[in-house]
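# Chain and residue survey
Listed below are the residues making up each chain.
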Amino acid sequence: MSVSPYLFWTLVALAAVFAGAFAATLSYALRQRVRMKLRPNFGKPPVPHVAIDVWDEIFRSTGLGPNRASEISFIGQAGALASINDTETWVLGALAKKARRIFEFGTATGRTTYVLARNAPDDAKIDTLTYLADGDDSYEFDANDPDAEKWRKIALGESRYDKFYYEDTPVAHKVAQHFGDSAKFDETPYAAQIDLIFVDGAHSYSYVKSDSTKALRMVAPGGYVLWHDYSPRCPGVFKALNELGRDLPLAHLKGTTLVAFRKPA
Ligand SMILES: C[S@@+](CC[C@H](N)C(=O)[O-])C[C@H]1O[C@@H](n2cnc3c(N)ncnc32)[C@H](O)[C@@H]1O
């Protein structure tokens, strides 16, 4: 059977286009994995993906469904800007039930602060730190961070709140609001004091590194640190936690963008 030269060269061109597209996709995927500090050989990830009910006994299933130890006062995410999803709300609310000292990096609207305060014991204290942009250009950032300018703009966009969801509620007395740049925040008075820490401030690599170092100093024995937005869509968070996951037993909780660490008691 003879093939017309036209058909032959069309097939050759198509094969070349497909091979080129495949090579470009593979090369991009490999570079992404290297950039994110994942192993290019597709080996074990530095932050394993773990089901919530396997991760902590408070979420252990009874066979009929979630354990009632994880029952919380709940309000959904819909309508809250820059906040956590409903499963993440459940996880943080349930952990707050047994936390007397809580610290949050990044308040935004204060919806999560409210959920933490609603579920924490009556004598609990929640410290929450946020940045209030005052229109000047003094916000510090490291130009070497991945997409530094983009994440600086996002951080400043989320730094406009000076009224908060928990205000004028029956749990407002549990909350101490702090304003300032987390990089300049002195964590020494909180060292080894905090039962539950939520890291959700600036999302650039250098801030996540700095906030994480402080959080790990602040967490009490047996206490928890949780980070939000562990996803390639937040490359600074993703990279910082992948690096931390090489030294600490971190878990990426299924159905969430939360990464969790529990300090040994
Ligand atoms: C994603 S929002 C926090 C959302 C909040 N945790 C929630 O669940 O609703 C990020 C917050 O981090 C704050 N932030 C950004 N850069 C900061 C910095 N350098 N120091 C302290 N807070 C910062 C922003 O003002 C904003 O309130």
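Residues numbered from 1 in each chain as written. Predicted model: local features only at pLDDT ≥ 70, side-chain atom pairs only at ≥ 80, totals over all residues.

Now for the packing of helix 3 (residues 86–96) against helix 4 (residues 111–119). Helix 4 packs onto helix 3 with a crossing angle of 40 degrees between their chain directions and a minimal axis gap of 7 Å. Note that helix 3 runs across helix 4; the crossing there is right-handed. Mapping the contact onto sequence places Thr89, Leu92, Gly93 and Ala96 in helix 3 and Thr112, Val115, Leu116 and Asn119 in helix 4. Residues belonging to the contact of helix 3 with helix 4 are distributed by class as follows: 4 nonpolar, 4 polar and no charged. (Axes fitted to C-alpha atoms, helices over the stretch in contact; angles between N-to-C directions. Helix = DSSP H or I, 4+ residues; strand = E, 2+ residues; numbered from the N terminus. Left-handed = near helix turned anticlockwise from the far one by under 90°. Contact = placed C-beta atoms within 7 Å. Nonpolar A, V, L, I, M, F, W, Y, C, P; charged D, E, K, R; others polar.)

Grouped burial of nonpolar side chains is what soluble globular proteins tend to show. If you look at the biggest cluster of nonpolar residues, it comprises 55 residues, and the most contacted ones within it are Leu92, Ile102, Ile197, Leu226, Leu241, Val259 and Ala260. Ranked by residues supplied to this core, first place goes to helix 3 with 6 residues. Setting aside chain neighbours within four positions, we find Leu226 in contact with Leu92, Phe198, Leu258, Val259 and Ala260. (Core = buried A, V, L, I, M, F, W, Y, C linked by C-beta atoms within 7 Å. Buried ≥ 20, exposed ≤ 12 C-beta atoms within 10 Å, placed from the backbone.)

Let us now look at the domain arrangement of the chain. Structurally, the chain comprises domain 1 (1–35) and domain 2 (46–262). Once you take the C-alpha centre of each, domain 1 and domain 2 turn out to be 45 Å apart. (Domains from an automatic or database assignment.)

This brings us to the sheet that holds strand 5 (residues 194–199). On the basis of which strands lie adjacent, the open sheet formed by 8 strands has the order 1-7-8-6-5-2-3-4 and mixed pairing. Each of the sheet's edge strands pairs with one partner strand only, and the pair in question is strand 1 (49–50) and strand 4 (175–179). As defined by bridge partners, strand 1 adjoins strand 7 (residues 251–253) across 2 bridges and the pair is classed as parallel. Opposite Val50, over in strand 7, you have Leu253 as the bridge partner. The sheet contacts of helix 3 involve strand 2 (101–105), strand 5, strand 6 (219–227) and strand 7, and relative to strand 5 the element is tilted by about 160 degrees. (Pairing = 2+ DSSP bridges.)

Looking now at the pairing of strand 5. Counting buried residues in strand 5 gives 6 out of 6 residues, a clear majority hidden from the surface. Pairing analysis gives 4 bridges linking strand 2 to strand 5, with the strands arranged parallel. Within strand 5, the position partnered with Phe103 by the bridge is Ile197. Summarising the sheet, strand 5 and strand 6 pair through 5 bridges and their orientation is parallel. Considered in strand 6, the bridge of Val199 is made with Trp227. As for the winding sense of the linkage, the β-α-β connection from strand 5 through helix 6 (residues 205–218) to strand 6 is right-handed. (Right-handed = clockwise from strand over helix to strand, strands pointing away.)

Attention now goes to the packing of helix 6 against helix 7 (residues 235–244). Here helix 6 crosses helix 7 at 45 degrees, and the two axes come no closer than 7 Å. As the angle between them shows, helix 6 and helix 7 are arranged oblique. Crossing geometry of helix 6 relative to helix 7 is assigned as right-handed. Here Tyr205, Val208, Lys209 and Ser212 of helix 6 lie close against helix 7, whose contacting residues are Gly236, Val237, Lys239, Ala240 and Leu244. Residue composition of the contact of helix 6 with helix 7, by class: 5 nonpolar, 2 polar and 2 charged. (Parallel < 35°, antiparallel > 145°, perpendicular 65-115°, else oblique.)

The next subject is the environment of Ala240. Along the chain, Ala240 turns up in helix 7. Taking the C-beta count within 10 Å as the criterion, Ala240 has 28 such neighbours and is therefore assigned buried. Separated by 34 residues in the primary sequence, Ala240 and Ser206 have C-alpha atoms spaced 8.1 Å apart. Setting aside residues no more than four positions away along its own chain, Ala240 makes contact with Tyr205, Val208, Lys209 and Ser212.

Glancing now at the site of the ligand. Taken together, 23 residues form the shell around the ligand, and within it Ser83, Gly106, Thr112, Ser159 and Ala202 come nearest. Contributions of two or more residues to the shell around the ligand are made by helix 4 and strand 3 (125–130). Of the residues that constitute the shell around the ligand, the class distribution is 9 nonpolar, 9 polar and 5 charged. (Near = placed C-beta within 6 Å.)

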